[in-house]
Each structure stands twice: as structure tokens, then as C-alpha cells.
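Given next are the chains, with one letter for each unit.
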Amino acid sequence: MDFNMWLLFVTALIPLAVGAIYYNPKVAGKAWMESSGMTEEKMKGSNMLIIFGFTYLLGLLLSFILSGFIVHQLGIFGAFYHTDFETEGTQAYTAFQSVMAEVGNEERNWKHGISHGIMAALFFAWPVIAIQSMFERRGKKYTAVHLGYWVITLTLMGGIISAYF
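Fair warning: this is a prediction, and the values are worked out from it, not measured in the lab.

Cut-offs used in this document
- Residue indices begin from 1 for each chain and proceed along its sequence in written order.
- In keeping with the model being predicted, local features are shown solely for residues with a pLDDT of at least 70 and side-chain atom pairs are shown and tallied solely at 80 or more, while totals for entire chains, interfaces and linings include all residues.
- Hydrogens and water molecules were not included; the side-chain quantities draw on all heavy atoms of the structure.
- Lines are fitted to the C-alpha atoms to define the axes, a helix being fitted only along its stretch in contact, and any angle between axes, read from their N-to-C directions, falls within 0 to 180 degrees.
- Secondary structure elements are defined from DSSP: runs of H or I of at least 4 residues count as helices, runs of E of at least 2 residues count as strands, and each element is numbered from the N terminus.
- Any angle between 65 and 115 degrees counts as roughly perpendicular, while under 35 counts as roughly parallel, over 145 as roughly antiparallel, and the rest as oblique.
- In this scheme, a crossing is called left-handed if the near helix is turned counterclockwise away from the far one by less than a right angle; it is called right-handed if the turn is clockwise.
- Residues are grouped as follows: Ala, Val, Leu, Ile, Met, Phe, Trp, Tyr, Cys and Pro are nonpolar; Asp, Glu, Lys and Arg are charged; all remaining types, including Gly, are polar.
- Only buried Ala, Val, Leu, Ile, Met, Phe, Trp, Tyr and Cys residues count toward a nonpolar core, and they belong to the same one when joined by side-chain atoms within 4.5 Å.
- Burial here depends on accessible area, computed with a 1.4 Å probe over protein chains only, as a share of the maximum for the residue type. Under 20% is buried, over 50% is exposed, and the range in between is partly exposed.
- Only protein atoms enter the calculation, which uses a 1 Å grid: trapped sets of points that fit a 1.4 Å probe without letting it out are cavities, open sets showing protein on both sides within 12 Å along at least five of seven lines are pockets, and any residue with an atom within 4 Å of a point is a lining residue.
- Grid points are joined across faces, edges and corners, and a volume is the space filled by probe spheres set on the points.
- The rule is short: rings of Phe, Tyr and Trp, with Trp giving its six-membered ring, pair when the centres are within 6.5 Å, and they are stacked under 30 degrees, edge-to-face over 60, tilted in between.
- Here, a charge over a ring is recorded when the distance from Lys NZ or Arg CZ to the ring centre is within 6 Å and its angle to the ring normal is within 35 degrees.
- pLDDT gives the predictor's per-residue confidence on a scale running from 0 to 100.
- Like-charged residues are merged into a patch within 9 Å and nonpolar side chains (Val, Leu, Ile, Met, Phe, Trp, Tyr) within 5 Å, provided each residue has over 30% relative accessible area and no salt bridge.
- With residues, only the protein chains shown are counted as cover, and all accessible areas are computed by Shrake-Rupley using a 1.4 Å probe.
- Note on definitions: salt bridges are taken to be side-chain nitrogens of Lys or Arg within 4 Å of carboxyl oxygens of Asp or Glu.

Participant: What should I look at first to understand the packing of helix α8 (residues 110-135) against helix α9 (residues 140-164) in this one?
Facilitator: For any two helices packed against each other, the geometry is given by the interaxial angle and the distance between the axes. The contact between α8 and α9 brings their axes to 7 Å, and the two run at 150°. If you check the angle between α8 and α9, you find them roughly antiparallel. Handedness of the crossing formed by α8 with α9: right-handed. Looking at the contact of α8 with α9, its residues break down into 18 nonpolar, 10 polar and no charged.

Participant: Where do I start with the nonpolar core in this structure?
Facilitator: Inside soluble globular proteins, nonpolar side chains tend to come together where they are buried. Ranked by size, the top nonpolar core spans 24 residues in total, and within it Y22, L66, V71, L154, I161 and F165 carry the most contacts. Among the secondary structure elements, those contributing two or more residues to this core are α1 (5-11), α2 (14-22), α3 (25-36), α5 (48-70), α8 and α9. Looking at this core, the element that brings in the most residues is α9, giving 5 residues. Of all hydrophobic cores here, the second largest spans 6 residues; its members include F80, F85, F96 and M100.

Participant: Sorry if this is basic, but what is going on with the layout of surface pockets here?
Facilitator: One way to see where empty space is left: roll a probe the size of a water molecule over the atoms. Approximately 1,300 Å³ is the volume found for the largest pocket. Along the walls of the largest pocket sit 39 residues, with Y23, T55, H146, Y149 and W150 positioned nearest its centre. Looking at the lining of the largest pocket, the elements that each hand over two or more residues are α2, α3, α4 (40-44), α5, α8 and α9.

Participant: Can you help me understand unusual backbone geometry in this one?
Facilitator: A negative phi angle characterises most non-glycine residues, just as the trans form characterises most peptide bonds. The phi angle at R137 is positive, at roughly 60°, despite the residue not being glycine. Structurally, R137 is set in the loop between α8 and α9.

Participant: It is not clear to me how the packing of aromatic side chains should be interpreted in this structure. Could you clarify?
Facilitator: The geometry of an aromatic ring pair comes down to the distance between the two centres and the angle between the two planes. Going through the model one piece at a time under the given rule, you end up with 10 aromatic pairs. On the basis of an interplanar angle of 85° and a centroid distance of 5.1 Å, the ring pair of Y22 and Y23 is categorised as edge-to-face. Owing to a relative accessible area of 22%, Y23 belongs among the partly exposed residues under this scheme. Between Y149 and W150 the ring centres are 4.8 Å apart and the planes differ by 75°, which places this aromatic pair in the edge-to-face class. W150 sits in the partly exposed class, given a relative accessible area of 23%. Chaining the aromatic ring pairs together yields one cluster made of Y22, Y23, W32, Y149 and W150. Above the ring of Y142, the side-chain terminus of R138 is found at 4.9 Å from the ring centroid.

Participant: What's the story with the confidence of the model for the chain in this structure? I'm lost.
Facilitator: Summing up the model confidence of the chain, the mean pLDDT is 91 and the portion of residues at 70 or higher is 98%. When pLDDT is averaged over each helix and strand of the chain, the minimum, 77, is found for helix α6 (residues 73-79) and the maximum, 98, for α2.

Participant: Looking at this structure, I do not really get a nonpolar patch on the surface. What am I missing?
Facilitator: Together, I118, M119, L122, F123 and W126 make up an exposed nonpolar region whose accessible area comes to about 490 Å². Mapped onto the fold, M119 is located in helix α8. A relative accessible area of 38% means that M119 is categorised as partly exposed.

And the structure:
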């Protein structure tokens, strides 16, 4: 199994693409601005190159960690990491080959990735957003708007990573 680093660079673009559509005023942008207190004036003072560049780098981190959650075969590599599993004829090599022959590419499809993307949104992103929102005294609408974005984003990232990694 090869590690497809190029796919991670591609999936890192998803937060930007989804954000461009989702936070448009015709979709959820108006609700986001109202619930966050954002104004057009505040937005004009931003350096979008820095925001987009940093968003891409953070998207790359997300892609990397999601691949570990979604592609279970990477866990097999982790289990054999400190052995000589790449040296033919060794006990570790034989055990590794046996496990990989049994597991193969199981659960490497859109459905599996989508389910993991949804789980990441609901069991990781939502608690983080909700905790932060409560301490910032933001309302449920603010949390719901951001959760919607992360459900879509992580679902797409998960599906693509699982199907094409």
C-alpha cells in the first residue's frame, strides 16, 4: 500500500472550496455574520492571502490526520513500525504479509470515508465548536452554522481519502 501524499494536498483544498460556497450570503453566510457579529467592515480589513494560505496548511493537517482515522491499513503499518517487516524472510515480514493479504483494501470506499467524516464532525468538531461557543457566549445558531460547514467538509474529505488514498 502506497501513501498517496498528493491526494492529501488535493483534499486540503476542500475546506477552502466548501467555505467559499457555504459561507456565501446566499447559503449560510448571512446566518454566520448575524450569529458571529461579523460585519462587511471587519471583513475588508483582512489579509485574505494569509487567511487562505493558513487555511490550506490547516487543511493539509486535517487531511493527514483523517487519513489515519479512515484508512485502517495505516494502523497495520503502525503496529509493525518497529520491526523488520520490510525484510523478506523475517518473521515480521511474514506476519505483515499475512495480515495485509487478509485485510487488503477492505473499507476503502466512499461510504466508509463518508461515515468517518461524519463521525469526525459530530464527535470531534462539534464538541470543540460547542465548547468554544459556550465560553464566547455564542448562541446555538452560531454552533449550528459552523457544525454544518464541518459536516460537509469532513464528509467530503473522508469520502475522497477513503476512496482514492
